[in-house]
Amino acid sequence: MLKIGNIEMKNPVVLAPMAGVCNSAFRLTVKEFGAGLVCAEMVSDKGIILQNERTMNMLYIDEREKPLSLQIFGGEKESLVKAASFVDKNTNADIIDINMGCPVPKITKCDAGAKWLLDPDKIYEMVAAVTDVVSKPVTVKMRMGWDEDHIYAVDNARAVERAGGQAVALHGRTRVQMYEGQANWDIIKEVKESVNIPVIGNGDVQTPQDAKRMLDETGVDGVMIGRAALGNPWMIYRTVRYLETGESMGEPTAKEKINVCLLHLDRLIALKNENIAVREMRKHAAWYLKGIRGNAHVRKQVNACETRDELATLLTNFAEEATEKEASTQAG
Ligand SMILES: Cc1cc2nc3c(=O)[nH]c(=O)nc-3n(C[C@H](O)[C@H](O)[C@H](O)COP(=O)(O)O)c2cc1C
């Protein structure tokens, strides 16, 4: 069973933190599909300290999402510690996660994200400084290394453990790889065998069967799913079911997909406002539409929608068309 500090998850399936995606609207929806743990999108330590409005809104957590892990990022000890302390005292997050994997130059230039991967001593120092001042469990999400020549995953994970970190999530790619190539699960196994804290494996889990294979082959305590859950919370439900019963559930129908997409939209409107939510929802809608036959023209039209009603009408009409097609395919 996946247990981080004193927080027990009801299953080992974890929704990955994804910037611009994992806000409360999406997380709650994924939670309702059975995720053991949901992770929030990364939040800047400086934003937290300055208490800027947009950042403060990112700290909102609905009680129904819990257990939840809230991820912060930063490059300097003082600001990271202050931000962690704020999250510890002022949010209902269960776990504080530190980002050590973000590959984008804007972040690594500030010595944050994946930049830490080059220096296990810095990891120890930063994580220890945070665990010293907070009472919630602290975890770290990292990539396996900076590039092929600097893969310090084992040393880095050990540094987290020594510093009082309560779990590590490991994405089996280097910073230089970004999202290219295949995630290396061997290194995930190596890390699992090198530390005593829980390890969550991450990278290229695209099907429920992949999740089981990762758990079996690497021995990890949890399996983290990112891209496969975009517009597809069923991936989480199907994975939980597969792990629990061995049952392979079918894909959702077009109507089911659109209904959940509209629920997600309404939650996003409640969280932000209609104008922002509809714009943000365009990318999600394209993900929900993936795999439904004949979706190309609707995906284009989605990008022109400005209001909830326009988007909802477009998607509902398309779902009806697609349902008729599904029925005629089955009949034929
Ligand atoms: C749109 C997007 C945003 C992401 N944002 C974050 C983030 O905020 N923090 C983080 O640690 N990882 C982030 N990641 C990386 C994912 O958490 C995960 O490690 C990666 O996608 C590999 O897992 P997957 O193969 O299941 O997608 C992001 C990935 C994507 C696709």
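Residue indices begin from 1 for each chain and proceed along its sequence in written order. Since the coordinates come from a predicted model, pLDDT governs what is reported: local features require at least 70, and pairs of side-chain atoms require 80 or more to be given and counted, while whole-chain, interface and lining totals use all residues. Water and hydrogen atoms were dropped before computing side-chain values, which therefore reflect all heavy atoms in the structure.

Asker: Please clarify how the overall build of the protein should be interpreted in this entry.
Answerer: To qualify as a helix, a DSSP run of H or I must reach at least 4 residues; to qualify as a strand, a run of E must reach at least 2; elements of each kind are numbered from the N terminus. Tallying secondary structure elements over the protein gives 14 helices and 11 strands in all. For the protein, the spread of C-alpha atoms along the three principal axes comes to 60 × 45 × 35 Å. Any two residues having at least one pair of non-hydrogen atoms within 4.5 Å are treated as being in contact. In the protein, 68% of the contacts between residues at least 6 apart in sequence involve partners at least 24 apart. All accessible-area figures derive from a Shrake-Rupley calculation using a 1.4 Å probe, and residue coverage is judged against the displayed protein chains alone. Of the roughly 14600 Å² of accessible surface on the protein, 48% is carried by carbon and sulfur atoms.

Asker: I'm lost on the nonpolar core in this one. Help?
Answerer: Buried together is how nonpolar side chains tend to be arranged in soluble globular proteins. Working definition of a nonpolar core: buried Ala, Val, Leu, Ile, Met, Phe, Trp, Tyr and Cys residues. They are joined through side-chain atoms within 4.5 Å. Each residue is assigned to one of three classes by its accessible area relative to the maximum for its type, calculated with a 1.4 Å probe on protein chains only: buried under 20%, partly exposed between the two thresholds, exposed over 50%. Among the nonpolar cores identified, the biggest contains 99 residues, and Leu 70 and Ile 72 are the most heavily contacted of them. By residue number, the principal contributor to this core is helix H11 (residues 254-271), which donates eight residues. Here this core gathers at least three residues from each of two domains, domain 1 (3-245) and domain 2 (254-331). The residues contacting Leu 70, other than those within four sequence positions of it, are Ala 40, Val 43, Leu 59, Ile 61, Val 87, Ala 93, Ile 95, Ile 96 and Asp 97. In this structure, Met 9, Val 14, Cys 39 and Ile 95 belong to the second largest nonpolar core, which totals 13 residues. Reported domain spans reflect what an automatic or database domain assignment gives.

Asker: How should helix H1 (residues 24-32) be read in this particular structure?
Answerer: Extensive coverage of H1 is indicated by the burial of eight of its nine residues. All of the buried residues along H1 are Ser 24, Ala 25, Phe 26, Arg 27, Leu 28, Thr 29, Val 30 and Lys 31. Each element contacted by the buried residues of H1 is listed here: strand E3 (13-15), strand E4 (37-39), strand E6 (68-73), helix H10 (234-245), H11 and helix H12 (274-289). At the C-terminal side of H1, Gly 34 shows a positive phi close to 100 degrees.

Asker: What is the right way to read the pattern of salt bridges from this model?
Answerer: A pair can form between side chains of opposite charge whenever their charged atoms are brought close. By definition here, a salt bridge exists when the distance from a side-chain nitrogen of Lys or Arg to a carboxyl oxygen of Asp or Glu is within 4 Å. On inspection of all chains with the given rule, the structure shows 22 salt bridges. Two residues, Glu 217 and Arg 213, come together in a salt bridge whose shortest N-O distance is 3.8 Å. Placement of the pair is Glu 217 and Arg 213 together in helix H9 (residues 208-218), with a separation of four residues, close to one helical turn. The class for Arg 213 is partly exposed, based on a relative accessible area of 38%. A single salt-bridge network, built from bridges that share partners, covers Arg 173, Asp 204 and Arg 227.

Asker: What's the story with the UniProt feature "active site" (unreviewed entry) in the protein in this structure? I'm lost.
Answerer: Listed under "active site" (unreviewed entry) in the UniProt record, and renumbered for this structure, are Cys 102. In contact with Cys 102, other than residues within four places in its own chain, are Met 42, Ile 107, Thr 108, Gly 113 and Ala 114. UniProt positions are given in the numbering used here, feature names are shortened, and annotations may be inferred rather than shown by experiment.

Asker: What's the story with the site of the ligand in this structure? I'm lost.
Answerer: Residues are counted as near a molecule or strand when any one of their heavy atoms sits within 4 Å of it. By nearness alone, 16 residues border the ligand, and Ala 19, Gln 71, Asn 202, Asp 204 and Arg 227 come closest of all. Pairs of N or O atoms within 3.5 Å make up the polar contacts considered here, provided that, within protein, one atom can donate a hydrogen while the other can accept it, and that residues adjacent in sequence are counted only when both atoms are side-chain atoms. One of the backbone nitrogen or oxygen atoms of Met 42 is found 3.3 Å away from an oxygen atom of the ligand. A distance of 2.8 Å separates an oxygen atom of the ligand from a polar side-chain atom of Lys 141.

Asker: What should I look at first to understand the side chain of Asp 45 in this one?
Answerer: Tracing the sequence through the fold places Asp 45 in helix H2 (residues 45-50). Buried charge Asp 45 goes without a salt bridge, the closest partner of opposite sign being Lys 46 at 4.8 Å. Those residues in contact with Asp 45 that sit more than four places away from it in its chain are Phe 73, Gly 74, Gly 75, Glu 76, Ser 79, Leu 80 and Ala 83. The convention is simple: Lys and Arg are positive, Asp and Glu are negative, and His and the chain ends are not counted.

Asker: Just checking my understanding: could you explain the environment of Ile 197 for this structure?
Answerer: With respect to the helices and strands, Ile 197 occurs in the loop between helix H8 (185-194) and strand E10 (199-202). Overall, the relative accessible area of 10% leaves Ile 197 in the buried class. Look past the residues within four positions of Ile 197 in its chain and what remains in contact with it is Val 160, Glu 161, Gly 165, Gln 166, Ala 167, Val 168 and Asp 221.

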